[in-house]
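One letter stands for each residue in the lines below.
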Amino acid sequence: MQAFEAIRPYKDSEAPAALDRLINDREFLDLIGRFKAPTFTRLAPGVARVLTKRWMARQFGSVKSIDALQEELAGYVSQLIDKTTSHVSQSGLDGLDPNGAYLFISNHRDIVFDPMVVNYLLHGSGFGTTRIAIGDNLLKNRLFAEMMRLNKSFVVKRNMSSPREMRDTYQTLSAFIHHSIEDNHSIWIAQREGRAKDGLDITDPAIIKMFYMSQKKSGVSFSESMNALRIVPVSIAYEYDPCDLAKARELEARARTGSYEKKADEDTRQIVQGLTEYKGHVHVHFGEPITDSPETPKALAARIDREMHQHYHLHASNIAAYDLSQVHRLSHFTAPQVPESLETAEAYSEVEIEAARTELERRLAAADEALHPFLLAMYANPVASAFNATLPDPDEP
């Protein structure tokens, strides 16, 4: 792992020292206190800090490895999921080998909850958890950086200053991913940089191209290299997005001004919001491993997208938003009703659709009118993507 020193997650031998740093960190103790006992922490922060430190030392003071830490955390993750969702479901895992390693390439809606719910489902089904790709912009928060590296996260560098730096960075990242799969460690990575705030899940071919960069000189073809990674497309579908209004504000600002400037603590606030607020039903579909990759990054990206869209679980909120969005120009599919070919659309009763419509209208009422089409589009666009994925593939004979 020496070649990957700048991007790798913590090793087992580094876990005790990292945990000790957190247990003795005032800011971290305040953060945990706000999660566990918000009212008490607000009224008596000093006492809450002492009690939280004792609890942390008791729970995690003897942890000696990353896997042991994740095992200790599994119960708390389960409680968090139970508290913030109506339920979590999955499909496709029975087609994967619990003893194998895969490159899970996923759509991306939430900074932390996406990989967390994937690992939660993998762990619950007897699979090993994944190493998680995170952007270095998230490591600006010292505590978040420490916690993520303890949770098998590795760093994807952004905003590079030169073509040479970009090449070297992607070469290292590509080699790390291949090394991990060869060493039987699965990887989770988003299909593109940043979250899909508009509900359109599109894989960036540059991500796929990066996977191959460390393999070119070996003489292995692109398709052989991709097949060896055992790529599994993953579709994560939230009934409700805790950060939907924040995303709509960003999209509206970009549409109106051409840019958007994040506030200093915006990522941190949305991490907490995404973790702690209600998401309704969350469904994760694990696709079949790709063992017959096309010969180009663009074709493979399109293949991944089609797999994601075909198996994306449409919630009643998506169907209701699709109906409501017909009066707005930002809906990417403008037929007068949900296509009958979408079986999921037919599975919901009028009562369920009406309940979802009422919830969406409540959210719209809480937002400026300028945000309405953007908020509806992020829920409605997966319907368009799912419908388009049912049409014949123009690239297939």
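The present account deals with the structure reproduced in this document. If you're wondering where the values come from, they're calculated on a predicted model, not measured in any experiment. (Residues numbered from 1 in each chain as written. Predicted model: local features only at pLDDT ≥ 70, side-chain atom pairs only at ≥ 80, totals over all residues. Heavy atoms only, no water.)

## As for helix α6 (residues 113–124)
Alright, step 1. End to end, α6 covers 16 Å across twelve residues, agreeing with the expected 16 Å (1.5 Å per residue, within 8%).
Alright, step 2. Counted residue by residue, α6 has nine buried out of twelve residues, so it is predominantly covered.
Alright, step 3. Along α6, the positions that sit buried rather than exposed are F113, D114, P115, M116, V117, V118, N119, L121 and L122.
Alright, step 4. Once α6 finishes, G126 follows within two positions and takes phi at roughly 85 degrees, a positive value. (Helix = DSSP H or I, 4+ residues; strand = E, 2+ residues; numbered from the N terminus. Expected span 1.5 Å × (residues − 1). Buried < 20%, exposed > 50% of the residue type's maximum accessible area, 1.4 Å probe, protein only.)

## Topic: the environment of R109
Alright, step 1. Of note, R109 is situated in the loop between β2 (103–106) and α6.
Alright, step 2. Note on R109: relative accessible area 8%, which makes it buried.
Alright, step 3. Considered as a pair, R109 and D241 are 132 residues apart in the sequence and their alpha carbons are 8.0 Å apart.
Alright, step 4. Those residues in contact with R109, other than ones at most four positions away along the chain, are D114, R195, A196, G199, D201, Y238, D241, K247, Y312 and P382.
Alright, step 5. Polar contacts involving the side chain of R109 include one to the side chain of D201, which spans 2.6 Å. (Contact = heavy atoms within 4.5 Å. Polar contact = N/O pair within 3.5 Å; in protein donor to acceptor, adjacent residues only side chain to side chain.)

## Topic: the pairing of strand β3 (residues 131–135)
Alright, step 1. Of all five residues in β3, five are buried; the element is thus mostly enclosed.
Alright, step 2. Across the two faces of β3 the burial is the same, with R131, A133 and G135 and I132 and I134 all buried.
Alright, step 3. One ladder, built from two bridges, connects β3 with strand β5 (residues 187–190); its direction is parallel. Counted as the bridge partner of I132 is W188 from β5.
Alright, step 4. Across four bridges, the pairing between β3 and strand β4 (residues 153–156) is parallel. When the sheet's bridge partners are listed, I134 is paired in β4 with V155.
Alright, step 5. In this fold, the crossover linking β3 to β4 by way of helix α7 (residues 142–150) has right-handed handedness. (Pairing = 2+ DSSP bridges. Right-handed = clockwise from strand over helix to strand, strands pointing away.)

## Let's talk about unusual backbone geometry
Alright, step 1. A positive phi angle, near 65 degrees, is found at K152, a position not held by glycine.
Alright, step 2. Of note, R230 is a non-glycine position whose phi angle comes to about 50 degrees, a positive value.
Alright, step 3. Here R230 lies in the loop between α10 (222–229) and β6 (231–238).
Alright, step 4. Of the residues examined, R230 reaches a relative accessible area of 30% and is grouped as partly exposed.

Keep in mind that these numbers describe shape and distance, not what the molecule does.
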